[in-house]
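Read off the chains here:
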Amino acid sequence: MATYTPPIDEYGFLLKHVFDFDQTMAALPVHEGTDAELVLSVLEEAGKFCTGILEPLNRPGDEEGCRLENGEVVTPRGTKEAYRAFVEAGWGALSGEPEFGGQGLPRVVQILLDEMLSSTHLSFGLFTGLTRGAAEALASHGSDELRRIYLPKLISSEWSGAMALTEASAGTDLGLLTSRAEPVGDGSFRITGTKIFISSGDHDFGGNVIHLVLARLPDAPKGVKGISLFLVPKFLVNPDGTLGERNAMAVGSLEHKMGIHAQPTCVMNYDGAIGWLVGEEGRGLNAMFTMMNAERLFVGIQGLGISEIANQKATDYAHDRRQGRSLDGTRSPVPIVEHPDVRKMLLTGRSLTDASRALAVWTAMQMDIAAHHPEVQVRAGAEDLVALLTPVIKAAFTDFGFETAVASQQVLGGHGYIREWGMEQFVRDVRIAQIYEGTNGVQAMDLVTRKITAQGGAVAARFFASIRADLTALVGNAHSRPIREATEAALARLERATAEILADQGDPAVAGAAATDYLRLFSLTACGWMWARTVGAADPEVSESQRRRVALANFFAARVLPQTIGLENMLLAGPDTLMAVDLS
């Protein structure tokens, strides 16, 4: 199979032509002077790391997997050396706070690096993504002392992070968890309990592993209001910053999984482990959601990364593989890329991937505006939009990633089912992205019950108005007409569906029955908007690449956006037929 090609040209077109990255950053004092050329130079070097070091480890790591020896996690050959190289090159600190040793680069740099990491070695990328999420939660909610001790090492990725939420009886409903935290008397707590499904729970890289653990204090009320968050390190830290004795926590076992075999997914036992409170007592979920929301966006980018590499490799294969006759019957065998059904699979994956990336870049820029714009009102507006799009990016991008991986496997035919070709690993690895950090069904419920209802529906209405304004601005642009008109029609469907859901908020069955269809309708409309913006910035007279973008947008308008017709019909059908069938 061909080697992965980092999509640097696509990054450049988005930053320079579609979103005017330079002007946006110029309005943020902390990023003044950071331009697209700088970002692209950083990403180009990151792409070399991903293709030169990580991609060669991906399949061997999947085949070898992680193992537990004498209670210690052993990662596949080459993993710890790659992690040390990652840290030494400074890749872990790209978007970290400069106050604690981070480089303070814009969020878009981090998100696009995450895409390349996910394309080339999704299991490896989990170590770095979870570490960054732990750092962000600690930066937002930790005490000054905890931040001083732990943030520099987390931001550099010299120490890694993990989030410990799930228990055997407490998955989505974290109010059922039973882990306990007993005060010691010196400001610390002893944490006791067992957590499952803990990604990056331990490893053999050296350094420390910092767990953020949800647990209950004595006499805490039942339910989510009784949960607090604690920082629990693998090794206690001495006053001089060196690592001290091993904490009372251990890996009970490693989960045996469908995919991400090079990632240690641990059962963690905390046997009176020393920890420190992060945030306020009883508000652990509030603090943990800082990490969870960061991870949900990161998981969406995992879906994007797999979609990109699977589509790349399937397209390369379709050009090389010869089978069947040409449509006019004059040539045989021909490259299978000439067959309409193969083209449909490849183009569907490509059109979803490129639109998703554009939406990810736009959202990343909103994150920087929310964090750094000098005007409070502008910051708040951007933060609202990021919150609205977080469940959409997590669920839609991972659905698209899995669908594209499966379609790409289909393009390879029998070879797609054979391990040596690598495609079946993409299918197995990306499948978890639809499940962890809140299943995609949970994301859809979050969207319909919390996000589109925020501020009485005003945030969603403002987002829809932005889409409509961009579409109106394209009137008169002849080559954008197909995608503009198709997106206008999809937006009208989305607005009608939104009004119906908002009108029926008193009936939870309505929201539950509509949720997943609504999220897909929302995401496809947003992708249409991204294609419209892309075509608006493209000139098909300039180059073949720009003609290709216009052609892809036309394909998306004709072959993908019509899904929104059926989605509107399904979600407006209501819950009656869902609830009427006896499943006993």
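Residues numbered from 1 in each chain as written. Predicted model: local features only at pLDDT ≥ 70, side-chain atom pairs only at ≥ 80, totals over all residues. Heavy atoms only, no water.

**Considerations on the overall build of the chain**
Inference 1: Scanning the chain for helices and strands turns up 17 helices and 11 strands.
Inference 2: Over its C-alpha atoms the chain spans a radius of gyration of 24 Å, differing by no more than 12% from the 25 Å that the globule rule assigns to 584 residues.
Inference 3: Across its three principal directions, the C-alpha atoms of the chain cover 80 × 60 × 55 Å.
Inference 4: In the chain, buried positions account for 56% of the 584 residues.
Inference 5: Counting only carbon and sulfur atoms, one obtains 53% of the accessible surface of the chain, whose full area is about 23,300 Å². (Helix = DSSP H or I, 4+ residues; strand = E, 2+ residues; numbered from the N terminus. Rg over C-alpha atoms; globule rule 2.2 N^0.38 Å. Buried < 20%, exposed > 50% of the residue type's maximum accessible area, 1.4 Å probe, protein only. Areas by Shrake-Rupley, 256 points an atom, 1.4 Å probe, with all protein chains shown as cover.)

**Quick look at the environment of R216**
Inference 1: On the secondary structure map, R216 appears in strand β6 (residues 209–216).
Inference 2: R216 sits 79 residues away from E295 along the chain, and the two C-alpha atoms are 23 Å apart.
Inference 3: Discounting residues that sit within four places of it in the chain, R216 has contacts with L174, G175, L176, L177, S179, R180, A181, P221, K222, G223, G226 and I227.
Inference 4: Within the structure, R216 has its side chain in polar contact with the backbone oxygen of G175 (distance 2.4 Å).
Inference 5: A distance of 2.9 Å separates the side chain of R216 from the backbone oxygen of L177, its partner in a polar contact. (Contact = heavy atoms within 4.5 Å. Polar contact = N/O pair within 3.5 Å; in protein donor to acceptor, adjacent residues only side chain to side chain.)

**Let's talk about helix α4 (residues 79–88)**
Inference 1: By the burial criterion, the buried members of α4 are T79, A82, Y83 and F86. Seen from one end, α4 has its buried residues packed into an arc of 100 degrees, which puts them on one side.
Inference 2: Here the buried face of α4 lies against α3 (36–64), α5 (107–141) and β3 (160–164).
Inference 3: Just downstream of α4, G90 is the residue with a positive phi angle, here 85 degrees. (Arc of directions from axis to C-beta.)

**Considerations on the packing of aromatic side chains**
Inference 1: Under the definition given, this model contains 16 aromatic pairs.
Inference 2: Across the ring face of F235, the terminal group of R246 is positioned such that the distance to the ring centre comes to 5.8 Å.
Inference 3: The aromatic ring of F13 is capped on one face by R549, whose charged end is 3.8 Å from the ring centroid. (Phe/Tyr/Trp six-rings, centres within 6.5 Å; stacked < 30°, edge-to-face > 60°. Lys NZ or Arg CZ within 6 Å of the ring centre and 35° of its normal.)

**Description of helix α14 (residues 508–537)**
Inference 1: Compared with an ideal rise of 1.5 Å per residue, which puts 30 residues at 44 Å, α14 spans 42 Å between its outermost C-alpha atoms and is within 8% of the ideal.
Inference 2: Along its length, α14 shows its largest kink, about 50 degrees, at A515.
Inference 3: Burial runs high along α14: 23 of the 30 residues are buried.
Inference 4: The N-cap of α14, judged by a side-chain oxygen 3.0 Å from the amide nitrogen of A509 a few residues on, is D507. (Expected span 1.5 Å × (residues − 1). Bend = angle between axes of the 7 residues up to and from the residue.)

**Thoughts on the pairing of strand β11 (residues 265–278)**
Inference 1: Of all 14 residues making up β11, 10 are buried, and the element is well covered by its neighbours.
Inference 2: Here 10 bridges tie strand β5 (residues 188–199) to β11, and the two strands are oriented antiparallel to one another. From the neighbouring strand, I191 faces β11, where its bridge partner is A273.
Inference 3: By the bridge criterion, 3 bridges tie strand β7 (residues 227–233) to β11 in an arrangement that is antiparallel. Looking across to β11, one finds that L229 is bridged to V278. (Pairing = 2+ DSSP bridges.)

**Notes on the nonpolar core**
Inference 1: Among the nonpolar cores identified, the biggest contains 164 residues, and F463, Y518 and F522 are the most heavily contacted of them.
Inference 2: The dominant element in this core, judged by the number of residues it contributes, is α5, at 17 residues.
Inference 3: When sequence neighbours within four positions are dropped, the list of residues in contact with Y518 reads L447, V448, I452, F464, L494, A497, T498, I501 and L571.
Inference 4: Among the nonpolar cores identified, the runner-up in size contains 20 residues, and C66, V73, L217 and A273 belong to it. (Core = buried A, V, L, I, M, F, W, Y, C linked by side-chain atoms within 4.5 Å.)

**Quick notes on the environment of L122**
Inference 1: Position of L122 among the secondary structure elements: in helix α5.
Inference 2: Among the residues examined, L122 registers a relative accessible area of 2% and is labelled buried.
Inference 3: Excluding anything up to four places from it in sequence, L122 contacts N58, L117, I260, Q302, I306 and Y436.

**What about the pairing of β6?**
Inference 1: Counting buried residues along β6, 8 of its 8 residues qualify, which places the element largely inside the surrounding structure.
Inference 2: On β6, burial covers both faces: V209, H211, V213 and A215 on one face and I210, L212, L214 and R216 on the other are all buried.
Inference 3: When β3 meets β6, the two strands line up parallel, connected through 5 bridges. Its bridge partner lying in β6, G161 is registered against I210.
Inference 4: Looking at chain direction, β6 and β7 are connected through 7 bridges and run antiparallel.

**Re the side chain of Q546**
Inference 1: Examined against the element boundaries, Q546 turns out to sit in helix α15 (residues 544–560).
Inference 2: From its side chain, Q546 meets the backbone nitrogen of D539 in a polar contact 2.6 Å long.
Inference 3: Ignoring anything within four residues of it in the chain, the contact list for Q546 reads F13, A537, A538, D539 and P540.

**Topic: the packing of helix α13 (residues 481–503) against α14**
Inference 1: Interaxial distance between α13 and α14 falls to 9 Å at its minimum, and their mutual angle equals 150 degrees. Judged on the interaxial angle alone, α14 and α13 are roughly antiparallel. You can see that α13 and α14 cross each other, and the crossing is left-handed. For the pair formed by α13 and α14, the contact residues are I483, T487, A490, L491, R493, L494, A497, T498 and I501 on the first element and A514, Y518, L521, F522, T525, G528, W529, W531, A532 and V535 on the second.
Inference 2: Split into classes, the residues belonging to the contact of α13 with α14 amount to 14 nonpolar, 4 polar and 1 charged. (Axes fitted to C-alpha atoms, helices over the stretch in contact; angles between N-to-C directions. Parallel < 35°, antiparallel > 145°, perpendicular 65-115°, else oblique. Left-handed = near helix turned anticlockwise from the far one by under 90°. Nonpolar A, V, L, I, M, F, W, Y, C, P; charged D, E, K, R; others polar.)

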